[in-house]
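This is what each chain is made of:
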Amino acid sequence: MQRPENTVGIAGQELAGEILAPYLHEQAGEFLRGLRLHREAGPDNQSTEEAALALRAAARRISATLHTFRPLLDPAWADQLRAELAWLSGTLAGEHACSARLARLLDALHRLAGSRVPPPRGDTGTLTVGAARAGALLDRQLTLARTRAHSAALQALGSSRFHAVADAVALLASEVPLASAAAAHACEVLAPAALDAEDRLDRAVAALPLARAAHPYNAEALVQESESQDSPWHQVRLLLRLHRYAQEVLHHGLGEPEPPERLLAA
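Presented here is an overview of the structure given in this document. (Residues numbered from 1 in each chain as written. Predicted model: local features only at pLDDT ≥ 70, side-chain atom pairs only at ≥ 80, totals over all residues. Heavy atoms only, no water.)

1. Description of the overall build of the protein
Assigned secondary structure in the protein consists of nine helices and zero strands. Ordered by position from N to C terminus, the α and β elements of the protein give α-α-α-α-α-α-α-α-α. Nonlocal contacts in the protein, meaning residues at least 24 apart in sequence, comprise 75% of its contacts between residues at least 6 apart. Total accessible area on the protein stands at roughly 14400 Å², and carbon and sulfur atoms take up 57% of it. (Helix = DSSP H or I, 4+ residues; strand = E, 2+ residues; numbered from the N terminus. Contact = heavy atoms within 4.5 Å. Areas by Shrake-Rupley, 256 points an atom, 1.4 Å probe, with all protein chains shown as cover.)

Here's what the structure looks like:
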């Protein structure tokens, strides 16, 4: 993977904490704005889903930053907050995951049935009888799962655990518990940590089972469990997010907009 020229040349005399803290302040502010939007939208509203996406995006960025730059932060605080943000992000992701899965499966079903243009969600009118039944079953099951995930998310957002997370993020908007290492120059500690994230991504990409991926799942998947085949790809996706968010920190320190390569959804 080609490294950006400014990755290692970041902020000559600027201290790591002077770059890291403002970035975390900003993401904490985005989290709190998403929370306000969620409260204003009320339950069962399209705006509620958009607010949940904003909350997840900010939570992922904060969590990833705490992971990549952990040596520059108070480790106990960073680990605790990262675990709670992972719980929150995972809980909020359930509803969106069900909707996205249903759309992908219905799209695939229509392609298998010979329909070139994917229909609107839940529309099985152009399918054969058998495919239409399969589509209706998928719609019922995943809509039920989505409803349950929505209820779980609402319950989580009303829990004392979530309020504790929100309080911790509110404090983060004004204060970051930095370690002594954050007093070093950014080029000495911040950029190397970002490069480590990139190196982990490079190694994971090099280890992807590309030859196996060229063939569709078959009996081998039944023997091994498909998750064992999917795990390297999930790992790369995770490391790609960590790399992207580390680059955002560096670009934030340079006073530049975030990197133009939008490799993943926010």
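Back to the text.
2. Side note on the nonpolar core
Ranked by internal contacts, the top residues of the largest apolar core, which has 39 residues, are Phe31, Phe69 and Leu190. Tallying contributions element by element places helix H1 (residues 16-41) first for this core, with nine residues. Formed by nine residues, the second largest nonpolar core is a distinct cluster that contains Val236, Leu240, Leu242 and Tyr245. (Core = buried A, V, L, I, M, F, W, Y, C linked by side-chain atoms within 4.5 Å. Buried < 20%, exposed > 50% of the residue type's maximum accessible area, 1.4 Å probe, protein only.)

3. So, the pattern of salt bridges
In total, this model carries seven salt bridges according to the counting rule given. In this structure, the salt-bridge partner of Arg161 is Glu84, at a minimum N-O distance of 2.8 Å. Of this pair, Arg161 sits in helix H5 (residues 160-172) while Glu84 sits in helix H3 (residues 75-112), placing them 77 residues apart in sequence. A relative accessible area of 16% means that Glu84 is categorised as buried. Salt-bridge contacts for Arg244 lead to Glu248; the nearest nitrogen and oxygen are separated by 3.5 Å. Taken as a pair, Arg244 and Glu248 lie in helix H9 (residues 226-253) at a separation of four residues, close to a single helical turn. (Salt bridge = Lys/Arg side-chain N within 4 Å of Asp/Glu carboxyl O.)

4. Points about helix H4 (residues 129-157)
For H4, with 29 residues, the first-to-last C-alpha span of 42 Å sits near the 42 Å given by 1.5 Å per residue. The set of residues buried in H4 consists of Ala131, Ala132, Gly135, Leu142, Ala149, His150, Ala153, Ala156 and Leu157. (Expected span 1.5 Å × (residues − 1).)

5. Overview of the environment of Asp230
Relative to the helices and strands, Asp230 resides in helix H9. In the structure, Asp230 is positioned 22 residues away from Leu208 in sequence and 9.8 Å away in space, judged by C-alpha atoms.

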